[in-house]
Number of protein chains: 2
Amino acid sequence: MRWHAPQQASGFSLCSSNSRNMTTKQDLEAIENQISAIQVSSHGETVNPVLAHGGFKIVEKGRNWGWLLSGFISLNILLLGIAIVCGSVFNKIQISSSHLLIFLILIVILTTVWMVYYKIHTSRVFNAVLYKDSHAGPVWLRGGLILFGVCSVLMDIFKIIYYVGRIHCESPVKIAFPVVQALFVIVQTYVLWVHAKDCVQIQQIITRCGLMLTLSTNLVVWMMAVTEESLHQTVAPVDPLYNSSSNGGHKSNVESQGRAGDSECKCIHDMCDVFEKAYFYLYPFNIEYSLFASAMAYVMWKNVDRQMDEHHSHNLRFSLWDVLIGPVAGLIILVAGLATFVMYEVDVAKEEPKKKEEALIMHYIMNIVAILLMSIATLIGCIIFRMDKRDQVSGKSPTRSLDVGLLVGSSLGQFLICYFTIAAVLASGVQGRINGLDLTNSILTVIQLCLQNAFLIKGLHREPFKETETATVYANVMAERERDPERRSSSIVPAHTLPIPLMLLQGRLSWKRRILKEICAFLLFCNVILWIIPAFGARPQFDNTVGSDIYEFQTWAAVVNIGMPFGIFYRMHSVASLFEVCLTS
Amino acid sequence: MRWHAPQQASGFSLCSSNSRNMTTKQDLEAIENQISAIQVSSHGETVNPVLAHGGFKIVEKGRNWGWLLSGFISLNILLLGIAIVCGSVFNKIQISSSHLLIFLILIVILTTVWMVYYKIHTSRVFNAVLYKDSHAGPVWLRGGLILFGVCSVLMDIFKIIYYVGRIHCESPVKIAFPVVQALFVIVQTYVLWVHAKDCVQIQQIITRCGLMLTLSTNLVVWMMAVTEESLHQTVAPVDPLYNSSSNGGHKSNVESQGRAGDSECKCIHDMCDVFEKAYFYLYPFNIEYSLFASAMAYVMWKNVDRQMDEHHSHNLRFSLWDVLIGPVAGLIILVAGLATFVMYEVDVAKEEPKKKEEALIMHYIMNIVAILLMSIATLIGCIIFRMDKRDQVSGKSPTRSLDVGLLVGSSLGQFLICYFTIAAVLASGVQGRINGLDLTNSILTVIQLCLQNAFLIKGLHREPFKETETATVYANVMAERERDPERRSSSIVPAHTLPIPLMLLQGRLSWKRRILKEICAFLLFCNVILWIIPAFGARPQFDNTVGSDIYEFQTWAAVVNIGMPFGIFYRMHSVASLFEVCLTS
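Notes on the structure in this doc start here. (Residues numbered from 1 in each chain as written. Chains lettered and ligands numbered in written order. Predicted model: local features only at pLDDT ≥ 70, side-chain atom pairs only at ≥ 80, totals over all residues. Heavy atoms only, no water.)

## Focus: the state of the cysteines
Each disulfide is one covalent bond, formed between the sulfur atoms of two cysteines. Residue and element names in this part refer to chain A. This structure, assessed with the given rule, holds 2 disulfides over all chains. Two residues share a disulfide in this structure: Cys 267 and Cys 272, whose sulfurs sit 1.9 Å from each other. On the sign convention where negative means left-handed, the S-S torsion of about 70 degrees between Cys 267 and Cys 272 marks this disulfide as right-handed. Accessibility expressed as a relative area gives 26% for Cys 267, which makes it partly exposed. Cys 450 supplies the cysteine sulfur nearest to Cys 382, a cysteine that is in no disulfide, at a spacing of 10 Å. Among the cysteines around Cys 520, which has no disulfide bond, Cys 582 carries the closest sulfur, lying 5.0 Å off. (Disulfide = S-S within 2.5 Å. Buried < 20%, exposed > 50% of the residue type's maximum accessible area, 1.4 Å probe, protein only.)

## Comments concerning the packing of helix α14 (residues 432-460) of chain A against helix α4 (residues 65-90) of chain B
Helix packing geometry: the angle between the two helix axes and the distance between the axes. It is the contact of α14(A) with α4(B), at a shortest axis distance of 11 Å, that shows an interaxial angle of 150 degrees. The orientation of α14(A) with respect to α4(B), classified from their angle, is roughly antiparallel. Where α14(A) crosses over α4(B), the handedness of that crossing is right-handed. Residues Val446(A), Cys450(A), Asn453(A), Ala454(A), Ile457(A) and Lys458(A) of α14(A) form the contact with α4(B), whose own contacting residues are Trp65(B), Leu68(B), Phe72(B) and Asn76(B). (Axes fitted to C-alpha atoms, helices over the stretch in contact; angles between N-to-C directions. Helix = DSSP H or I, 4+ residues; strand = E, 2+ residues; numbered from the N terminus. Parallel < 35°, antiparallel > 145°, perpendicular 65-115°, else oblique. Left-handed = near helix turned anticlockwise from the far one by under 90°. Contact = heavy atoms within 4.5 Å.)

## Describing the packing of aromatic side chains
Throughout the structure, instances matching the rule amount to 38 aromatic pairs over all chains. If you follow Arg142(A) out to its NZ or CZ, it ends over the ring of Trp193(A), 4.7 Å from the centre. (Phe/Tyr/Trp six-rings, centres within 6.5 Å; stacked < 30°, edge-to-face > 60°. Lys NZ or Arg CZ within 6 Å of the ring centre and 35° of its normal.)

## What to know about the packing of helix α6 (residues 139-165) of chain A against helix α10 (residues 272-303) of chain A
Residue and element names in this part refer to chain A. Interaxial distance between α6 and α10 falls to 7 Å at its minimum, and their mutual angle equals 145 degrees. Where α6 crosses over α10, the two elements pack in a sense that is left-handed. The residue inventory of the contact of α6 with α10, partitioned by class, reads 22 nonpolar, 5 polar and 4 charged. (Nonpolar A, V, L, I, M, F, W, Y, C, P; charged D, E, K, R; others polar.)

## Overview of the side chain of Thr340(A)
Residues and elements named next belong to chain A. Mapped onto the secondary structure, Thr 340 falls in helix α11 (residues 325-349). The buried category is assigned to Thr 340, whose relative accessible area is 15%. Thr 340 has contacts with Met 362 and Met 366, leaving out every residue within four places of it along the chain.

## Details of the pattern of salt bridges
Applying the stated rule across the entire model yields 8 salt bridges over all chains. Salt-bridge contacts for Glu170(A) lead to Arg166(A); the nearest nitrogen and oxygen are separated by 3.4 Å. A salt bridge links Glu170(B) to Lys174(B), with the nearest nitrogen and oxygen atoms 3.6 Å apart. A cluster of three or more residues bridged by salt bridges with shared partners is formed by Arg166(A), Glu170(A) and Lys174(A). (Salt bridge = Lys/Arg side-chain N within 4 Å of Asp/Glu carboxyl O.)

Here it is in structure tokens:
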């Protein structure tokens, strides 16, 4: 008994419609992707053809109160944190920083305890983690976590030494917090390093809540660090009592002004000044650490109860010899950037206005050249993506859309700084070379960010070239599942039967792929240097006084201190994404 | 030639597994929903069995650069707006409010021009809008838009009269802006009223960009209004020059202090004071209007290129006689709330500390009683939802998840105010009856908000009872599409063949449905009164000085002025959602 005839006919009608329309192959792939998204495999359960379906998972998800509960926990901790941080900034007496520190100690200890429990519990229970998300916790994120984690622990040690020297006039909570925080950072770094890819299947409600607790703890720590850093950069605390005496003097040296309020308290050892300088130098790393940990906790939270399709394990090969011009040009920019960065730091440290001005001009010119070249390269890349409509995948992968969300979200920080700069320079009337360069730099950066975001979003939503060329296209759920050649009765259309001259396509695309790879490599190196310059301490936003002249210094410090860590995160994330786009194109 | 045998067999095996597992019916429904989500109908195109698939739409979407472009436009306008607003607050000289107004006039005119173009173009082109989203632009949103729009136009007229009286000492831009804004509000209200449900199919890139322009214009107007309102409530501008003289005097009457900085300028007619008071009284309505318009523009943007499945047109009947206790109890709360609100307003206006204290105590007690009852009712509702695991739909409907997003997002405003109050009262040591009541009220409100959000999220993600009982369950893409009885060859399982005793289920659920309806009706009335009290001017946050004592007045005013309009929006949105949950349960 043969049943194939009618479906075969429909298969043929499909083929004939394909020859008319070149985009149909793409459509078929999209359908295949959608179908494979439905067909999430269900290991370890009684195999019921319906239960094995993706629908079951969605119902499970919708039913999950843990999702709601963890969301509310996070919301409440975060908002309470915001209120206490605001209170401690605007009211030094009734809500002191000790209150904030006590709150922080509580949530930090709670989070640490949960993480230890999680570690023990998942290692004891056999089927706690059945799946790993290969996209989660990429190496740059985990590497960054380790690096910034080490710096955070160092910062805590310096803080402890500093406050031990002032134990007779400071609250003991100020020593307790860095101790607890150091422990927290060590435990968290270990747990996130080991478990970043977990898709937890047991105790989902507790795990979701714990991860949200981790996320909110890190964000509250981040808020506190940003606030302290901003207050440290302004002359005195924002307490209204200090207002009349300290207003106006905020434009001079930023580094030496943090200790205005506590001059009566003498340190019992000689090293207080050194350690204070050292721990404030390490603050940005702690800020960055909190952002990294938050991002990883969020990805883990998203992955709770997720069942992975192993569909996306490509064996991508990276050969340096595929590309030449891009990496070479990128390396030139990188070396030039490093050279100007060193010269900039040296010149700015000299405290001479003339030298500082020269350093700023050099810095801006270097940046403008780099960003202009990057914009042009990215624009070409976008045009190539626009021309090449072939291999687009649907945007349904949660890790993928999370990735894109983090990318666009973190770019907001640099957007914010750029727009504040643009408004400030325009308001000041664009006087002098420095301001002109600053304006050009900011406008170009905005354009470059838009282009790079578009390029990366488009690039990340593409299937790798190789797979597309050999894949077999299915258009039927049943057929894919049952796999029985006798019953493969409906419109399965192997790619090689499609009347598209694939070889021709491949040949024509080859130069596009080459250019895309060159562009990615170039952008990668450029993003590395744009990451290094702010990450290792260059702050032209403060060295150029236009921002702090137009806005109050405190507002400007807040904008820069919130925006900059996101900007650094963005550049690192971009490097990783560009590497991926480079591999898949 | 009959082919049915093997598939029928699999259908039977399904049924036998069902008798073992009661949740399977639910799974089938979820699968049906997922399948119907894939099977988006594609009217008006050449019918190709593969192209007619949902996959095509997703590919189209992914390919759409308009989405990216409009996002970047919105991002850039918003961030520039933030920078200019911040500049105009912190620097009155180089970035004056005139600069801000010129920026606003530009984007408002641009948006108005686009809306006129949109109106003309869509009415001329035949197939511009093929589909309407029945969930978008519900009547409460459009009604609110009209109401607040009328108030905004009134505000603009008062503003024009006020500034005409001061034309000799104010910039003419200050008259130009309200004129342009009034025009903008009229055009926008008309366009949104008529087109809120549109799913635009032509000129998608331009439409997306235009809608994002509308969204960002409204948000920038919103930011400006919030800032002006906050500055008005504080004594003097934030300019550091004013700081030393005006600090400390911010706790007395809020209404009469707005004109501290401009006392040198005399009005040429007698009515300036009256009109100034009037237009500042109308500011909150304008703030609310901008939020409403933003929400509607965002929904329209989401709906560009969407092709609706007409699947969700239930004929739901609402009978008042189904429920009794809920509405009666709700009405009692509503009337009591109205009475205390009127007494509160009268007492507070008297300016006697004794009377004010009594008014606050009464207000808090009223609020605590209402919110406590609401929390209990919502908790019961949540427990019923938890017990009743039957009819859950997958959360894939974009309008549905947008609705939930707006709900949770707008609740953040009230969360923020509550947490700031809690921190302030705790920091002040909870002295006196008023502070104790304020603390209780805030904590209960936080709990109530969490519960109500959970209740509404769960409630909105449910299929209506009626449909579930009569629906036929399909589990195959092909079968549903082809509809040919001869070829309905795979595992189609009509619901009435499932061995679940449906009648029994129906009987058992009846009391649950009754209770759910009662709870919804009760919560609905309570939310109405919680909406009325702040919407018509009660501001216990300012009458009780604990917030402004702990934080600086300006911070507190900013928190309340940002949080309160979102809170009002949240209560209105809740009323509409509760009505929907009431109908479907």
